[in-house]
Amino acid sequence: MTNADLLNTLATSYGFGLHYRSANGQLTQPPQSSLIYLLRALGLSLSEDPTAEELQFHIDARHQHRATSPLPPCVVATEGDEQRFTVHVHDGHPARVWITLEDGGQREAYQDDNWTPPATVDGVTWGEATFHVPGDLPLGWHTLHLESDDLDADCTLIVVPAALRTNQEYVDTPAYGVMAQLYSVRSERSWGIGDFADLAALSEVVAAEGADYLLINPVHAAEPVPPVEDSPYLPSSRRFVNPIYIAVESVPEWSGLDPETRDDIAQLAAPLKATNRSPEPIERNPIYSAKLAALHELYFRAEEDPQRRDAFDAYIAAEGEGLRDFGLWCARLASTDRSPTHSQQASEEDTDDLARFYMWLQFVADEQRRAAQERATAAGMRIGIVTDLAVGVHPGGADAATLRDVLVPDASVGAPPDQFTQTGQDWSQPPWNPHALAAAGYAPWRDLLRTVLRHSGGVRVDHILGMFRLFWIPRTGRPADGAYMNYDHEAMLGVLALEAERAGAVVVGEDMGTFEPWVQDVLRDKGLLGTSVVWFESAPPDNSPLPQNQYRHLALSSVGTHDLPPTAGYLRGAHNELRVELDLVADSLEELNASDAAWHAAVLDTAREAGALEGDTDEDRVVGLTRFIAGTPSALTCTNLVDMVGDTRIQNQPGTNAQQYPNWRIPLCDASGTPVLIEELADLPLFRRVARASQRPAG
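Predicted model only: the values in this text are computed from it and were never measured. (Residues numbered from 1 in each chain as written. Predicted model: local features only at pLDDT ≥ 70, side-chain atom pairs only at ≥ 80, totals over all residues. Heavy atoms only, no water.)

Our focus in this paragraph is the side chain of lysine 291. Here lysine 291 lies in helix α7 (residues 284-303). The side chain of lysine 291 sits in the buried core without any salt bridge; aspartate 195 is the nearest counter-charge, 4.2 Å away. Every residue in contact with lysine 291, bar those within four places of it in the chain, is listed here: Trp191, Ile193, Asp195, Ile244, Tyr245, Ile246 and Val248. (Helix = DSSP H or I, 4+ residues; strand = E, 2+ residues; numbered from the N terminus. Buried < 20%, exposed > 50% of the residue type's maximum accessible area, 1.4 Å probe, protein only. Lys, Arg positive; Asp, Glu negative; His and termini not counted. Salt bridge = Lys/Arg side-chain N within 4 Å of Asp/Glu carboxyl O. Contact = heavy atoms within 4.5 Å.)

Below is the structure:
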């Protein structure tokens, strides 16, 4: 074998794909230098230009590891199936395998025929045996045990649903909802940014218009002190919540503040509240700094209340080591900060006290999330709040530190070049290490999901294709040089379905992008909703716009996404103007607009033919496309709040940074650029008109 063949063999043994089909249909191979770099990122002691002997050594070591592992890293079984797995014991020795159930009960595993010859490694001969679990095991997190004469081992056994049942209700009786960027939606009482009290209020407003859910951006934790990352899709932690969304006046301790302290906080908040009427980009740093100062005062009051302190301690105990690690990470970072909010504080408190403050912020955020979900369902929503789960985390954030054993810091997740972002995308996020994650029994993935799903009626999983494979880029390398890493999608999706089933939550997977056709079949068979956007849906054989009645049933369908301008802006070519201005594309503005115009016209004609579109103004088009989507057979449809107020500004331009464009900072405004507050929504004629168009047909 050549060195290239050996490298390919080694790479595939660790899960790397040797080629992928790009957006233009061409078969693309990652450079060998990338495979070497990424294998080293996984911990292999390869040189930069490995010899044949070096590569063969690592191939043999991989085989030997598998042949001498008593149990698999983890076993994932689908309910009703007799999942088989292999065990290894010293040759000639007996093997007994049994199961401890989640509730403490015990069951036996049963042995099957296996005629694999023994293998000798380092002078020890190992035999292989095959077992299977009973097909009637309950859903849940169990433990497999192996006992032999001279060894004992155990691993996690996860029994997952064959298909998620919570989504089926909406296939039978479809629903519509509204999507909003929470930070952008403000009220008269906001501190310059939308918060959890605004979330509750907004859910009530849209519920009054018949919406069954409110889909929001990720509310994952950012940095513990300013400056903070603007993108909700590049969080410090996906498990924990960003305290910037805490509504200060809604914290129970607020009512117990003395008048002088209240006045001090009111003066702190006044200039921030004044920006609620400004169309200028939201400035998170001063907002977060002010909120931290106010929340610290409330924290001191909470610690003096025995009942509140007991509730907080119970929360810490329930969240376990993950919360403590997160609080400690926040405290260590905050204690080295030199901002006015924390420099004095850090010198007065030791790290443990500061860690407790950051854990308390999570406790308060959890209370306010629960209140928002309760108000949403009390207002008549069948689902309530649907949160968003980002693909990954900031490379310098809390998860990157506390979960470093199951992440790959020297790799970065992204996307290969496509027609929308011709240079590809590097999201800078360290990916899951699939081998370490399996060895951990998928517990980090489970714990993350449990926190995200708590107090949520559903979750949208950004780039759910990452459950199948992720595009790994050598850190600081080019997206064009990346390679796909394959994941155990049965395990990743199975755990997602299990935790969603237990939470009674719907699951929507964003399944757009570069993927193999069978991926959507897997999502369908597992009962997970995909995502359909009108501009990206076409029908064979001529790739014309997809007719209304051919949209997927198991999908959330919409006119737009957060990565596109509001519909009125998209039809005007706002994204093309910005991409040309920032030199993100090779084509001229005229070429881009001409190309888009033909497709836009075809989509609008399809909506007219379906009887959904009448008139030709911007508002008519928005209303018509909304009505077209509402008439599809999709289980869920979603209307963008920016379309309901006539906004045109781009919320996020993929492939750009903060120096190029104020991504994730654009406040909700109408067509004239005037900010729109929550209290004003119900009185807007366009809001009511689009809401009527969003209603799902009866029966």
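From this point, the narrative continues.
Turning our eyes to something else, we now look at the pattern of salt bridges. All told, the structure shown has 44 salt bridges when counted by the stated rule. The shortest N-O distance in the salt bridge between glutamate 79 and arginine 165 comes to 3.1 Å. One end of the pair, glutamate 79, is in the loop between β3 (74-78) and β4 (84-90); the other, arginine 165, is in the loop between β11 (151-160) and α4 (168-172), and 86 residues separate them in sequence. Residue arginine 165 is classed as partly exposed on the basis of its relative accessible area of 45%. Taken together, the salt bridges that share partners define one network made up of Arg572, Asp605, Arg608, Asp616, Asp618 and Arg621.

Here the focus is the nonpolar core. Membership of the largest hydrophobic core comes to 88 residues, with the highest contact counts inside it found for Leu202, Leu214, Tyr358, Trp360, Leu641 and Leu681. Broken down by element, the residue count for this core peaks at 12 residues, all from helix α11 (residues 351-378). Two domains share this core, each providing at least three of its residues, namely domain 3 (162-392 + 433-465 + 491-529) and domain 4 (555-632 + 639-682). Apart from residues no more than four positions distant in its own chain, leucine 214 is found in contact with Val178, Ala180, Leu199, Leu202, Ser203, Met381, Gly384, Ile385 and Val386. Core analysis: the second largest hydrophobic core is formed by 65 residues, Leu6, Leu10, Leu55 and Leu465 among them. (Core = buried A, V, L, I, M, F, W, Y, C linked by side-chain atoms within 4.5 Å. Domains from an automatic or database assignment.)

What follows is about the side chain of serine 694. With respect to the element layout, serine 694 can be found in helix α23 (residues 685-694). For serine 694, a relative accessible area of 1% corresponds to the buried category. In this structure the side chain of serine 694 is engaged in a polar contact, spanning 2.7 Å, whose partner is the side chain of threonine 639. Apart from the residues within four sequence positions on either side, serine 694 is in contact with Tyr176, Thr626, Ala630, Thr637 and Thr639. (Polar contact = N/O pair within 3.5 Å; in protein donor to acceptor, adjacent residues only side chain to side chain.)

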